[in-house]
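# Summary of the model geometry
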Amino acid sequence: MQPFADELLLQCPYCGEQVEVTVDPGGPSSETYVEDCSVCCRPWVVHVSREEEDVFVHLGREDD
């Protein structure tokens, strides 16, 4: 049984602080959405891809 959500520690592309990102492991094979940094409040573009049991997350800058 898979957990409801995975919590990952990633680095904010703006302020460089480690931030926690919560991702649903059972979502679509790929998705992109915007979320604000909990430290500096700037918007990230969150790219999520899933391959079987693996979840991959990349944070990008909205101004890129």
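Residues numbered from 1 in each chain as written. Predicted model: local features only at pLDDT ≥ 70, side-chain atom pairs only at ≥ 80, totals over all residues. Heavy atoms only, no water.

This part covers the confidence of the model for the protein. Averaged over the protein, the pLDDT score is 89; the fraction of residues at 70 or greater is 94%. Of all helices and strands in the protein, the one with the weakest mean pLDDT is strand S1 (residues 6-11) (91), whereas strand S3 (residues 30-36) scores best (95). (pLDDT = per-residue confidence, 0-100. Helix = DSSP H or I, 4+ residues; strand = E, 2+ residues; numbered from the N terminus.)

Turning to the sheet that holds strand S4 (residues 43-51), a few remarks are in order. Read across the sheet, 3 strands follow the order S3-S4-S5 without closing on themselves; strand pairing throughout is antiparallel. Looking at strand neighbours, the two that pair on one side only are S3 and strand S5 (54-61), the edges of this open sheet. Here the strands of the sheet are splayed against their neighbours by 25° on average, with no regard to which way each runs. The pairing of S3 with S4 spans 7 bridges and is antiparallel. The residue bridging Thr-32 from the neighbouring strand is His-47, located in S4. (Pairing = 2+ DSSP bridges. Axes fitted to C-alpha atoms, helices over the stretch in contact; angles between N-to-C directions.)

The subject of this paragraph is the pattern of salt bridges. Using the criterion set out here, one finds 2 salt bridges in the structure. A salt bridge links Glu-31 to Arg-50; the shortest N-O distance between them is 2.7 Å. Taken as a pair, Glu-31 in strand S3 and Arg-50 in strand S4 lie far apart in primary sequence, 19 residues in all. Overall, Arg-50 belongs to the buried group, its relative accessible area being 10%. Across the pair Asp-63 and Arg-61 runs a salt bridge whose closest N-O atoms are separated by 3.0 Å. (Salt bridge = Lys/Arg side-chain N within 4 Å of Asp/Glu carboxyl O. Buried < 20%, exposed > 50% of the residue type's maximum accessible area, 1.4 Å probe, protein only.)

A word on the pairing of S4. Both faces of the sheet carry side chains from a regular strand, because those side chains alternate between them. Counting the residues in the hairpin turn of S3 and S4 gives 6 residues, including Cys-41, whose phi is positive at 65°. Relative to S5, S4 is paired through 8 bridges, and the arrangement is antiparallel. Residue pairing for S5: Val-46 is matched across the bridge by Leu-59. Taking the residues between adjacent antiparallel strands as the criterion, S4 and S5 are bridged by 2 residues, where Glu-52 takes a positive phi near 55°.

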